[in-house]
Amino acid sequence: MTLFTPANVIIGATYIACHSMALEAAPLCPELLIAEALEPKYQRLAPIHSDTESGWIFTSDQMSETYELKAEAVHLMSQIVSEFEHRGVTLALMIAPPRPLVAGGDVLSQTLTENDAFDAANAAASFNTMIGQLRETGAVVPNLLSAATQVDTGVPFYFRRDTHWTPAGAAASALALAKELGFEEGVFDISAILSSDIYEEKGSLNAISKAVCNVDNPPEPTPILDFSAVTATQGLGLLDEISGASIALVGTSFSDRNQRDQYQVADALAASTGAEIFNYSVSGGGMIGPMEAFVSSDDLATAGHQTVIWEFPYTQSPNSTSQLRQLLGALRADTAGVSPIASVGMTSSDTVNVDLSSSPIDANLLSIETGTSELLKLDVEITFENGTTKTVKLRRKNRIPLERRSSDWWVDLSGWNYGAIIEISLKLDRDAVDPEIQISYLR
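Residues numbered from 1 in each chain as written. Predicted model: local features only at pLDDT ≥ 70, side-chain atom pairs only at ≥ 80, totals over all residues. Heavy atoms only, no water.

Undergrad: Describe the pairing of strand β8 (residues 246–250), listing the residues and the values that go with them.
TA: Burial analysis of β8 places five of its five residues in the buried class, which makes it a mostly covered element. On β8, burial covers both faces: S246, A248 and V250 on one face and I247 and L249 on the other are all buried. One ladder, built from four bridges, connects β8 with strand β10 (residues 307–313); its direction is parallel. For A248, the partnering residue across the bridge sits in β10 and is V308. (Buried < 20%, exposed > 50% of the residue type's maximum accessible area, 1.4 Å probe, protein only. Helix = DSSP H or I, 4+ residues; strand = E, 2+ residues; numbered from the N terminus. Pairing = 2+ DSSP bridges.)

Below, the structure is given as structure tokens:
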């Protein structure tokens, strides 16, 4: 089976600092390294590392060295996995690995400036720790960093000027996931299905170099994979005993690039598992947006998928516990069992406080009915009787089709042992309509 190796993978390295390397970075332009020199929409990505020779570009959000999960995130992910298990569904996670580690030591030493440092060994160890933690929740989780750094024939896993994997990288990831699900390794050889058809990736990061540096790099060509050439001989896996098995793929632009799965993720999963793949991914939907929409619709309950694959990249951290509480709330939603707390009218400039000190409530789940699917932001601040205050930032993306968005929000409160709730405060985003909000709770 063909997988990938970057030049000089630096899993064993401890430190990258360009002042100690023979090569020196030649950025596309100095402005990329200075936040104040960039347009506001790019400033959060600075410093943006680039090199004219290698062609690689890395934004600052891709250079994290810390991926371990906090205890709260582990608890919530475990609860999410359990909710799928209660429905007879296996939850698998497909997390695209860190680009800097896949690019390798030579690329990093040539791309980082003398003032930059990147601890590759620490980043790799931390990512591997996160994968181990996620496996302990009961989810099926392949280590795609390992998959991306095995011996290859030179087909790239990642584009140099785009954040996404190539079709070959997606196929390697699908094969790794199929193996974790229990299917035979080596269902197909990637090098054997590289077609003569070429996809040219213009690159989302190239758009930055063009806007900031007036440098328009050429598109990156990559072979399209011909899955019709695959002879599928599945081994014994979790799906083999199920007639007509189907898998739901719920992910991001990695599985919905250009709104058409440009990188052939669903095809690769179908070839590596032998199952029918239903793609619910939404480009720009964020880590939980497509999954919340999938859970809140009838798809999870009625479509009969035996496995759900949750795809998101390493830059979308499961440590965002507000997102996990929002998703877990959607999984535990039960409109028939709620008890009302209050009905409040709000405008987008309001923060509304609901005082419950005279009759505190014990709740495991909050329900917030807004009557509109257009609301994208809602902050919920909860004060408990021991004085602890917790805020859950509920968020939705406008990329999720309106008909797939619920008008209701659910907030899971599990793991918070601070006593009864004595106050709830709500704050809408400024662009919201003026809904009448119904707040309820479940014990």
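Undergrad: Explain the packing of aromatic side chains to me, and be specific about the residues and the numbers.
TA: Summed over the entire model, instances satisfying the criterion amount to 14 aromatic pairs. Between F384 and W416 the ring centres are 6.2 Å apart and the planes differ by 80°, which places this aromatic pair in the edge-to-face class. With a gap of 32 residues between them, F384 in strand β14 (residues 377–384) and W416 in the loop between β16 (408–412) and β17 (421–428) connect regions that are remote in the sequence. Among the residues examined, W416 registers a relative accessible area of 11% and is labelled buried. (Phe/Tyr/Trp six-rings, centres within 6.5 Å; stacked < 30°, edge-to-face > 60°.)

Undergrad: Break down the packing of helix α7 (residues 167–180) against helix α9 (residues 265–273) for me, citing the residues and quoting the values.
TA: Relative to each other, α7 and α9 sit at 35°, their axes nearing to 8 Å. As α7 packs across α9, the resulting crossing turns out to be right-handed. For the pair α7 and α9, contact is made by A170, A171, A174, L175, L177 and A178 and by V265, A268, L269, S272 and T273, respectively. Here the contact of α7 with α9 is built from residues that sort into nine nonpolar, two polar and no charged. (Axes fitted to C-alpha atoms, helices over the stretch in contact; angles between N-to-C directions. Left-handed = near helix turned anticlockwise from the far one by under 90°. Contact = heavy atoms within 4.5 Å. Nonpolar A, V, L, I, M, F, W, Y, C, P; charged D, E, K, R; others polar.)

Undergrad: Any chance you could break down the state of the cysteines for me, citing the residues and the numbers?
TA: The final tally for this structure, using the stated rule, is one disulfide. Disulfide partner of C29: C213, at an S-S distance of 1.9 Å. Across the S-S bond linking C29 and C213, the dihedral sits near -65°, which makes this disulfide left-handed. Taken together, the residues span a long stretch of sequence, with C29 in the loop between β1 (16–17) and α1 (40–43) and C213 in helix α8 (residues 204–213) at a distance of 184 residues. (Disulfide = S-S within 2.5 Å.)

Undergrad: Give me the lowdown on the confidence of the model for the protein, citing residues and values where you can.
TA: Regions with low pLDDT should not have their predicted coordinates read in detail. In the predicted model, the protein carries a mean pLDDT of 89, and the fraction of residues at 70 or more is 89%. Long-range and interchain partners of residues 5–22, a stretch whose pLDDT sits below 50, account for 56 contacts in this model, where long-range means more than four residues apart. Within the model, the stretch residues 232–236 combines pLDDT values under 50 with 14 contacts to residues more than four positions away or in other chains. (pLDDT = per-residue confidence, 0-100.)

Undergrad: Hey, could you go over the environment of R99 for me, with residue numbers and the actual values?
TA: When you line up the elements, R99 lands in helix α3 (residues 99–103). The sequence separation of R99 and Q62 amounts to 37 residues, and the corresponding C-alpha distance is 6.9 Å. Every residue in contact with R99, bar those within four places of it in the chain, is listed here: W56, I57, F58, Q62, Y158, F159, R160, R161, D162, T163, L205 and Y314.

Undergrad: Describe in detail the nonpolar core, supporting the description with residues and values.
TA: In terms of nonpolar packing, the biggest core is built from 93 residues, with F84, W165, F188, M291, V308 and W310 touching the most fellow members. Residue contributions to this core peak at nine residues, all from α7. Those residues in contact with F84, other than ones at most four positions away along the chain, are V89, L91, M291, V295, L300, V308 and L331. Residues L356, I421, I437 and I439 belong to the second largest nonpolar core, which totals 30 residues. (Core = buried A, V, L, I, M, F, W, Y, C linked by side-chain atoms within 4.5 Å.)

Undergrad: Run through α7, naming residues and quoting values.
TA: Here α7 spans 20 Å end to end across 14 residues, near enough to the 20 Å set by a 1.5 Å rise per residue. Counted residue by residue, α7 has twelve buried out of 14 residues, so it is predominantly covered. Buried within α7 we find P167, A168, G169, A170, A171, A172, S173, A174, L175, A176, L177 and A178. Taken together, the buried residues of α7 touch β4 (90–96), α6 (144–148), β7 (220–225), α9 and β10. Phi for G182, located one or two positions after α7, is positive at around 105°. (Expected span 1.5 Å × (residues − 1).)

Undergrad: Could you give an account of unusual backbone geometry, naming the residues involved and the relevant values?
TA: Cis peptide bonds are those with omega within 30 degrees of zero, and the linkage from A46 to P47 qualifies with -5°. Notably, D261 is not glycine yet its phi reads approximately 50°, a positive angle. Checked against the element boundaries, D261 lands in the loop between β8 and α9. Despite not being glycine, Q264 shows a phi value in the positive range, around 65°. Note on placement: Q264 falls in the loop between β8 and α9.

Undergrad: I'd like a rundown of the side chain of R161, residues and numbers included.
TA: Mapping R161 onto the fold places it in the loop between α6 and α7. It turns out R161 is buried and unbridged, and the closest side chain with the opposite charge, E220, is 4.1 Å from it. (Lys, Arg positive; Asp, Glu negative; His and termini not counted. Salt bridge = Lys/Arg side-chain N within 4 Å of Asp/Glu carboxyl O.)

Undergrad: Any chance you could break down the sheet that holds strand β12 (residues 351–355) for me, citing the residues and the numbers?
TA: Pairing in this open sheet of four strands is antiparallel, and the strands run β12-β17-β14-β15 from one edge to the other. For this open sheet the edge positions go to β12 and β15 (389–395), each flanked by a neighbour on one side alone. Direction aside, neighbouring strands of the sheet carry axes that sit 15° apart on average. The pairing of β14 with β17 spans seven bridges and is classified as antiparallel. By the bridge assignment, T383 is partnered in β17 with E423.

Undergrad: Talk me through the sheet that holds strand β9 (residues 276–279); I want residue IDs and the actual numbers.
TA: With respect to topology, four strands assemble into an open sheet ordered β4-β10-β8-β9, the strand pairing being parallel. The sheet is open, and its two borders are formed by β4 and β9, each paired with just one other strand. Geometrically, the sheet is characterised by an average inter-axis angle of 25° between neighbouring strands, direction not taken into account. Bridge count for β4 against β10 is seven bridges, and the pairing is parallel. Residue A96 lies in a different strand from β10, and its bridge partner there is P313. Together, β4 and β10 form the strand contacts of helix α2 (residues 71–86), whose direction differs from that of β4 by roughly 135°.

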